[in-house]
Amino acid sequence: MIVIPENILTKYQTNAPRYTSYPPITNWNSISDGNGNGNENIAKEWFHSLINRSESNGNGEIELQIYIHIPFCKYKCKYCGCYRIPNMNPLPIEAENSYIQAILEEFEIYINNLSSSFSEISLAGLHLGGGTPNILSNATLTHLISSIFSKLNVKSNARSNLKNNDFLASIEIDPRLATPEQLQLLYNLGIRKFSFGVQDLDQNVLKMIGREQTQQTQQTQQTQQTLENLKELIKYLREIENTSINFDLIYGLPGQTKKSMKETVEKVLELSPDTIAFYSYAHVPWHAFDQQELEKFPIASGSLKRELFEVATEMLTSEMLSANKSYIPIGMDHFSKQDDLLYIGYKKHNLKRSFMGYTCNLAYVTLALGASAISSSNNFFVQNEKDIDLYKESILKQKKLPLIKYYQKNAEDILVAKVIEELMIYLKVSSDLLEKLKQCSFWNEIDKRLQDLKSDGLISMQESGPKSTLEVTELGRVFLRNIAMAFDYRLHALSIGTKKFSSTI
Ligand code: SF4
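Residue positions are counted from 1 within each chain, in the order its sequence is given. Only residues with pLDDT of 70 or above have their local features reported here, since the model is predicted, and side-chain atom pairs are shown and tallied only from 80 upward, although totals for entire chains, interfaces and linings are computed over all residues.

## Some details on the overall build of the protein chain
What counts is decided by this rule: Each helix corresponds to a stretch of at least 4 residues labelled H or I by DSSP, and each strand to a stretch of at least 2 residues labelled E; elements are numbered beginning at the N terminus. Based on C-alpha atoms, the radius of gyration is set beside the globule rule, defined as 2.2 Å times the residue count to the power 0.38. The burial label depends on the number of other C-beta atoms within 10 Å of a residue's C-beta. Counts of 20 or more mean buried, 12 or fewer mean exposed, and intermediate counts mean partly exposed, with C-beta atoms placed from the backbone. Each residue gets a C-beta atom placed from its backbone, and two residues are in contact if those atoms lie within 7 Å.
Along its length, the protein chain carries 17 helices and 22 strands. For the protein chain, whose C-alpha radius of gyration is 22 Å, the value lies close to the compact-globule estimate of 23 Å for 505 residues. Expressed as a percentage of the 505 residues in the protein chain, the buried residues total 41%. Taking all contacts inside the protein chain whose residues are at least 6 apart in sequence as the whole, residues at least 24 apart take part in 71%.

If you want it as structure tokens, here you go:
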């Protein structure tokens, strides 16, 4: 286990961005020019960035990654910081239908615009996130997914073969709502990666965070289930084969102890998902108000919170585990078995990091559909309206993209974004990126911060000659967000440590 010196912990425990985008969303511009034209002007710029030939593959094709945000949830988890509409129990049919209609019409707006510039539009990946995508009825899931596929070019063999690097369709699953029949339907529709929101498997912790893993029985009673239901779902997917299973887990939740964490990881090892996303709980009650209710419980922070992560990491990567059971750590907080696409992508240097986490998908455009969703190209971000009624009105009545925020990157932002992405995935910065950074006007400031990180033992640098390199040390891995901050020349114009962001540890 890494021993973190107390002075280093005190120095680097601050609030910082998670760097799922660069620059972080706090730097983006709001769209309002007072006369209602702002949205249309930004939409034009956004489309321009999509058809910019220097960013496309130059042969009349464009490759897309599509993200669909389903904001509805059946329950309200108190720790949740996502944009969601909870307590939809049941989800009204009208709300479901009109929202999906808006998503498909938003998709049509994109396809109509792109068709005039590209002879072929192909799909490199599809991800349904939320909220809770599997709250949708089987008929709606079928309509939504098959409508997207029917408009775009996806090779049928790519769609059915998980090991094919050209395409992957994935979905976030709330295990409390899933059934084997639903998983089979999703598989038949082309979904191959199933990401289960597990978070923890200790009943006490789950109760505190408002996420008792209960499932509605046919007799309409709520039954305690957790492990049993999860086991059944995993067993079912394993029998289908050719699927990849991910668990989302969180450390730092109220009530978690080293003992409870060990017990949770023991159960996770038994279920043996292919990948694990092991996130740090982001306690931001000034932004996610439901989290205020959690403050009456003990919440681990600082070195104790870090120990929860270390306990789990040791178990997941233990040499005592057989090769097909153990995990390889990737980036800041992901773990992969060695035969999963995630690790294969890592080895091939094909991973990306985005709002969706780490993905092995190299499409340079992500079109994100739905309320609050964030789309991106190489040099542009746009965010959709969060209010679901305004979102639907913009699409269904005004027939225009419901954009509320945007950011157009300059060349220096693009460079820093690449550096931070490389750091967050591969824990190093390659010499060519470092050499380019040295040409920037803000390099001296960055260099000063790097020298400080180096003297604290968080990074090692080879600085002689043109082939300079930077690598994150074992201790530095704990402070990856702080290291990324050293390159964030825009953040240093703001005040670091403000309550805009969650804690780095
Ligand atoms: S954690 Fe997931 S299921 Fe719970 S409220 Fe948030 S989005 Fe919904």
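## A word on the confidence of the model for the protein chain
The cut-off we apply is this: pLDDT is defined as a per-residue confidence score from the predictor, taking values between 0 and 100.
Chain-level pLDDT for the protein chain is 90 on average; 91% of the residues reach the 70-or-more range. Here residues 217–225 scores under 50 on pLDDT; set against residues more than four positions off or in separate chains, the count is nine contacts.

## Some words on the sheet that holds strand S20 (residues 459–462)
In plain terms, the rule: Any two strands are treated as partners once DSSP identifies two or more bridges connecting them.
Overall, antiparallel pairing links the three strands, which are arranged S19-S21-S20 in an open sheet. For this open sheet the edge positions go to strand S19 (428–429) and S20, each flanked by a neighbour on one side alone.

## Here's the deal with the site of the ligand
What counts, and what does not: Each residue receives a C-beta atom placed from its backbone. It is near a molecule or strand if this atom lies within 6 Å of it. In this count, Pro and Cys sit with the nonpolar residues alongside Ala, Val, Leu, Ile, Met, Phe, Trp and Tyr, while Asp, Glu, Lys and Arg are called charged and the others, Gly among them, polar.
Surveying the vicinity of the ligand reveals the residues Cys73, Lys76, Cys77, Cys80, Cys82, Arg84, Pro86, Gly130, Gly131, Thr132, Asp174 and Gly197. Of the residues contributing to the shell around the ligand, the split by class is five nonpolar, four polar and three charged.

## Overview of helix H4 (residues 138–151)
Every α-helix carries 3.6 residues per turn, so stepping three or four residues along brings you back to the same face. What counts is decided by this rule: A helix is expected to span 1.5 Å for every residue after the first.
End to end, H4 covers 20 Å across 14 residues, agreeing with the expected 20 Å (1.5 Å per residue, within 8%). Buried positions along H4 lie against strand S3 (61–70), helix H3 (93–115), strand S4 (120–130) and helix H6 (180–189).

## Notes on the domain arrangement of the protein chain
We apply this condition: What fixes the domain bounds is an automatic or database domain assignment.
Here the domain parsing of the protein chain yields domain 1 (21–384) and domain 2 (411–493). Taking only C-alpha atoms, the centre of domain 1 and the centre of domain 2 are 29 Å apart. Each partner contributes residues to the interface: domain 1 has eleven residues there, and domain 2 has eleven residues. Classifying every residue of the side of domain 1 that touches domain 2 gives five nonpolar, four polar and two charged.

## Things to note about the packing of H4 against H6
What counts, and what does not: Only the contacting stretch of a helix is used when fitting its axis, a line to C-alpha atoms as for every element, and angles between N-to-C directions run 0 to 180 degrees. Angle categories: roughly parallel below 35 degrees, roughly antiparallel above 145, roughly perpendicular from 65 to 115, and oblique for all the rest. Each crossing is labelled by how the near helix is turned from the far one, with a counterclockwise turn of less than a right angle marking it left-handed and a clockwise turn marking it right-handed.
Two numbers describe how H4 lies on H6: the axes approach to 10 Å, and their chain directions differ by 15°. Considering their axes alone, H4 and H6 lie roughly parallel with respect to each other. Judged by the twist between their axes, the crossing of H4 over H6 is right-handed. Here H4 contributes Asn138, Leu141, Thr142, Ile145 and Ser146 to the contact with H6, which in turn contributes Gln182, Leu185, Leu186 and Leu189. In terms of residue class, the contact of H4 with H6 is built from five nonpolar, four polar and no charged.

## Quick word on the pairing of strand S5 (residues 168–173)
A large share of S5 lies buried, amounting to six of its six residues. What you see with S5 is no split at all: Leu168, Ser170 and Glu172 on one side and Ala169, Ile171 and Ile173 on the other are buried throughout. Pairing of S4 with S5, which is carried by four bridges, proceeds in the parallel orientation. Its bridge partner being in S5, Gly125 is matched across the sheet by Leu168. When S5 meets strand S6 (residues 193–199), the two strands line up parallel, connected through four bridges. Across the sheet, residue Ser170 finds its bridge partner in S6, namely Lys193.

## Observations regarding the pairing of S6
Going by this rule: When the strands point away from the viewer, a crossover counts as right-handed if the route from the first strand across the helix to the second turns clockwise.
Among the seven residues that make up S6, seven are buried, leaving the element largely enclosed by the rest of the structure. Across the two faces of S6 the burial is the same, with Lys193, Ser195, Gly197 and Gln199 and Phe194, Phe196 and Val198 all buried. Read as a crossover between parallel neighbours, the route from S5 over H6 to S6 is right-handed. In this structure, S6 lies alongside strand S9 (residues 244–251), joined through six bridges in parallel fashion.

## Quick notes on helix H10 (residues 302–316)
With 15 residues, H10 extends 22 Å between its outermost C-alpha atoms, agreeing within 8% with the 21 Å of an ideal straight helix rising 1.5 Å per residue. Residues of H10 that are buried make contact with S9, helix H9 (258–271), strand S10 (275–280), strand S11 (328–330), strand S12 (334–336) and helix H16 (474–478).

## Quick notes on the packing of H3 against H4
Put simply, H3 and H4 touch, their axes get as near as 11 Å, and they point 5° apart. Here H4 runs roughly parallel to H3, going by the angle between their axes. From H3, Glu96, Ile100, Leu104, Phe107 and Ile111 reach across to H4, where they touch Thr140, His143, Leu144, Ser147, Ile148 and Lys151. When the residues that make up the contact of H3 with H4 are grouped by side-chain class, the tally is six nonpolar, three polar and two charged.

## Here's the deal with the nonpolar core
Just so we agree on the cut-off: Note on definitions: a nonpolar core is a set of buried residues drawn from Ala, Val, Leu, Ile, Met, Phe, Trp, Tyr and Cys, linked by C-beta atoms within 7 Å.
Counting 125 residues, the largest nonpolar core has Ile66, Ile420, Leu423, Ile483 and Ala484 as the members making the most contacts within it. Two domains each donate at least three residues to this core, and these are domain 1 (21–384) and domain 2 (411–493). Ignoring sequence-local partners within four residues, the contact set of Ile66 consists of Leu123, Leu126, Ile148, Leu367 and Leu369.

## Considering the environment of Leu114
Secondary-structure assignment places Leu114 in helix H3. Along the backbone, Leu114 and His48 are 66 residues apart, and their C-alpha atoms lie at a distance of 10.0 Å. When residues no more than four places from it in sequence are discounted, the contact partners of Leu114 are Leu50, Ile62 and Ile121.

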